[in-house]
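Tertiary structure, described
Listed below, chain by chain, are the residues.
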Amino acid sequence: MKNILVTGGAGFIGSNFVQLMLNKYDDVNIVVFDKLTYAGNLDNLIPVEENPRYHFYQGDICHPHEVDEVMGRYNIDTIVNFAAETHVDRSLMEPGGFIQTDVYGTYILLEAAKKYQIERYHQISTDEVYGAVLEGRSKETDKLHTRSPYSAAKAGGDLMCLAYYTSFNLPVTITRGSNNIGPYQYPEKAVPLFITNAIDNKPLPLYGDGLQMRDYQYVQDHCEGIDVVLRQGQVGEIYNLGTGVETTNIEMARLILKLLDKPDSLIQPITDRPGHDRRYALDCSKIQALGWRSAHSFEQAIAATVRWYVDNEWWWRKIKSGNHYQEYYQRQYAGREIKN
Ligand code: NAD
Ligand code: TYD
């Protein structure tokens, strides 16, 4: 693992992963390959932009000639694929782009991995492929019960990776992470949306009764787990990555308000997301056997995340004041308030 192609490396988790790998190892070269969609942001990579072991290539994983060019130019031996359309609510509005990038794009990367006979292809997946889990915890061997276009597209990508392992012996690994929080998360996702709205004394739009449960993990812990799988994981295997602790959305919103010293009255219930998965919960014993566990509790992760958004208004104000964001916000939230 010397020359790593990090697709989607200008997004939230990918950029945290790039920073981690360049800081942790002095013998890896990282090439970020990113289309720079609305969610891709070169500001996320400012901390590494002067590093001689970091390179950036703007490209689309759905374009085989661009993928091929970068594979050859940088002598890539490892691909870590973060590139995806990632927001459930957008997948309900426009599913086509999800199928394109998350399924077809994965296939293009797998073809390139096969052609160049690379050492490892690693797919970043999600706990959402297991669907809502009302009781117990999802194991890697569980059946997939996808319910949103996003999770269905991600599951399609996972299954294609496993097909390339079985059919062509491609050295594939997959991680399925729970919800990440931390620096550089685009403020459409619940936690950064709630934090930045609260800073501005704007309502926090809470779907339904707010009793849905998520396992919120700190992004750096997730990235460390991916590194463990790259180094110690078995090819053909899937590894769940999460804290194993679930929190309701209303508790998450209240904690954010408390940390910012804002009133609970900012919480605004709105009509629920269609098909909203009630709970995700992971069994992480397989990765724990390799020595990994989350270093941050939910409370520590949320406190560090709130601090980062308070200290980095330059980063998110640029995004939230842009036309793209404002049009999305209007389309997604206008007129959904539940009056009591
Ligand atoms: P993100 O939306 O912040 O970033 C996605 C990145 O992919 C962006 O930089 C974007 O420009 C790039 N991209 C999108 N389409 C592309 C294409 N066709 N070609 C090249 N680049 C493209 O996403 P994120 O939250 O950092 O998620 C990264 C990965 O982790 C995704 O695969 C996601 O499914 C998975 N995941 C996310 C979470 C989470 O809580 N955010 C949890 C588990 C798994
Ligand atoms: P999100 O960050 O979109 O992640 P995911 O749906 O992929 O888990 O949402 C996290 C939780 O917060 C989820 O249960 C939906 C809920 N939510 C709200 O209540 N309001 C919002 O405005 C958003 C975006 C999410």
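See the structure shown above.
Below is a short write-up of the structure.

Here is what the cut-offs are and how they apply
- Starting afresh in each chain, residues are numbered from 1 along the sequence in its written order.
- A letter from A marks each chain and a number from 1 marks each ligand, given out in the order of writing.
- Confidence filtering applies because this is a predicted model: local features only for residues at pLDDT of at least 70, side-chain atom pairs given and counted only at 80 or more, and all residues used for totals across whole chains, interfaces and linings.
- Note: side-chain values were computed over all heavy atoms of the structure, leaving out hydrogens and water.
- The way it works is that DSSP assigns letters per residue, a run of H or I at least four long becomes a helix, a run of E at least two long becomes a strand, and they are numbered from the N terminus.
- The classification of residues rests on relative accessible area computed with a 1.4 Å probe and restricted to protein chains. Under 20% of the type maximum is buried, over 50% is exposed, and intermediate values are partly exposed.
- Contacts are assigned to residue pairs with any non-hydrogen atoms lying within 4.5 Å of each other.
- Centre distance within 6.5 Å is the pairing criterion for rings of Phe, Tyr and Trp, where only the six-membered ring of Trp is used; planes under 30 degrees apart are then read as stacked, over 60 as edge-to-face, and the remainder as tilted.
- Note on criteria: charge over ring means Lys NZ or Arg CZ within 6 Å of the ring centre, with the direction from the centre no more than 35 degrees off the ring normal.
- Each pair of strands is called paired provided DSSP finds at least two bridges between the two strands.
- Axis lines are fitted through C-alpha atoms, for helices just across the contact stretch, and the angle between N-to-C directions can take any value from 0 to 180 degrees.
- Nearness of a residue to a molecule or strand requires only that one of the residue's heavy atoms be within 4 Å of it.
- Polar contact criterion, stated in full: a pair of N or O atoms within 3.5 Å, where within protein one must be able to donate a hydrogen and the other to accept it, and residues adjacent in sequence count only if both atoms are side-chain atoms.
- For the area figures, the Shrake-Rupley method with a 1.4 Å probe applies, and any residue is considered shielded solely by the protein chains shown.
- When residues are grouped by polarity, Ala, Val, Leu, Ile, Met, Phe, Trp, Tyr, Cys and Pro land in nonpolar, Asp, Glu, Lys and Arg in charged, and all others, Gly among them, in polar.
- In the sections that follow, a salt bridge refers to a side-chain nitrogen of Lys or Arg positioned within 4 Å of a carboxyl oxygen of Asp or Glu.

**Considerations on the environment of Gly-136**
Assignment of secondary structure puts Gly-136 in the loop between strand S5 (120-126) and helix H5 (149-168). Assessed through its relative accessible area of 42%, Gly-136 is described here as partly exposed. In this structure the C-alpha to C-alpha distance between Gly-136 and Tyr-216, which are 80 residues apart in sequence, comes to 17 Å. Apart from the residues within four sequence positions on either side, Gly-136 is in contact with Arg-279 and Ala-281.

**Regarding the packing of aromatic side chains**
In the structure shown here, the tally under the stated rule is 15 aromatic pairs. Note on Tyr-184 and Trp-315: the rings are 6.0 Å apart at their centroids and 80° apart in plane angle, and the pair reads as edge-to-face. Here the residue Tyr-184 occupies a position in the loop between strand S7 (180-181) and helix H6 (190-199), and Trp-315 occupies one in helix H11 (residues 313-320), the gap between them amounting to 131 residues. Residue classification places Trp-315 among the buried positions, given a relative accessible area of 1%. Three or more aromatic residues joined by ring pairs make a cluster, and in this case those are Tyr-38, Tyr-186, Tyr-325, Tyr-329 and Tyr-333. Geometry around Tyr-328 places Arg-90 over its ring, the cationic atom sitting 3.9 Å from the centre.

**Thoughts on the sheet that holds strand S11 (residues 238-241)**
Reading across the sheet, the 7 strands line up as S3-S2-S1-S4-S5-S6-S11 and stay open at both edges, with parallel pairing between neighbours. Since the sheet does not close on itself, it has two edges, and those belong to strand S3 (54-58) and S11, each with one partner. Strand-to-strand, the axes of this sheet are offset by a mean angle of 20°, without reference to chain direction. Note that strand S1 (residues 3-7) and strand S4 (residues 78-81) share 4 bridges and pair parallel. Bridging from a neighbouring strand, Thr-7 pairs with Asn-81 of S4. Packed onto the sheet, helix H7 (residues 219-232) meets S4, S5, strand S6 (172-177) and S11 and runs at close to 145° relative to S5.

**As for the site of ligand 2**
Taken together, the neighbourhood of ligand 2 is formed by 20 residues, with Glu-128, Pro-205, Arg-214, Arg-273 and Tyr-333 sitting nearest. Between ligand 2 and Asn-249, the relevant distance is 2.8 Å, taken from an oxygen atom to a side-chain nitrogen or oxygen of the residue. At 2.5 Å, a side-chain N or O of Arg-273 approaches an oxygen atom of ligand 2. When ligand 2 is considered free in solution it has 510 Å² of accessible area, and contact with the protein chains removes 97% of it. When residues of the shell around ligand 2 are traced back to their parent elements, those giving at least two are helix H3 (88-93), H6 and strand S8 (204-207).

**Regarding the site of ligand 1**
Looking at ligand 1, there are 28 residues lining it, with Ile-13, Asp-34, Thr-86, Tyr-150 and Lys-154 nearest. Within the backbone of Phe-12, an N or O atom sits 3.0 Å from an oxygen atom of ligand 1. Within the complex, 97% of the 840 Å² of free accessible area of ligand 1 lies under protein. Of all the secondary-structure elements, those providing two or more residues to the shell around ligand 1 are helix H1 (12-24), S5 and H5. Tallied by class, residues from the shell around ligand 1 come to 11 nonpolar, 13 polar and 4 charged.

**A word on the pattern of salt bridges**
Under the definition given, this model contains 22 salt bridges. Between Asp-200 and Arg-317 there is a salt bridge, and its shortest N-O distance comes to 2.8 Å. Placement of the pair is Asp-200 in the loop between H6 and S8 and Arg-317 in helix H11, with a sequence separation of 117 residues. Given a relative accessible area of 28%, Asp-200 falls into the partly exposed group. Residue Arg-317 is classed as partly exposed on the basis of its relative accessible area, which comes to 33%. Residue Arg-254 pairs with Asp-264 through a salt bridge whose shortest N-O separation is 3.7 Å. One end of the pair, Arg-254, is in helix H8 (residues 249-259); the other, Asp-264, is in the loop between H8 and strand S13 (267-270), with 10 residues separating them in the sequence. Residue classification places Asp-264 among the partly exposed residues on the basis of a relative accessible area of 42%. Each of Lys-24, Glu-224, Asp-227 and Arg-231 takes part in a single network of salt bridges with overlapping partners.

Interpretation in functional terms is not warranted from these geometric data alone.
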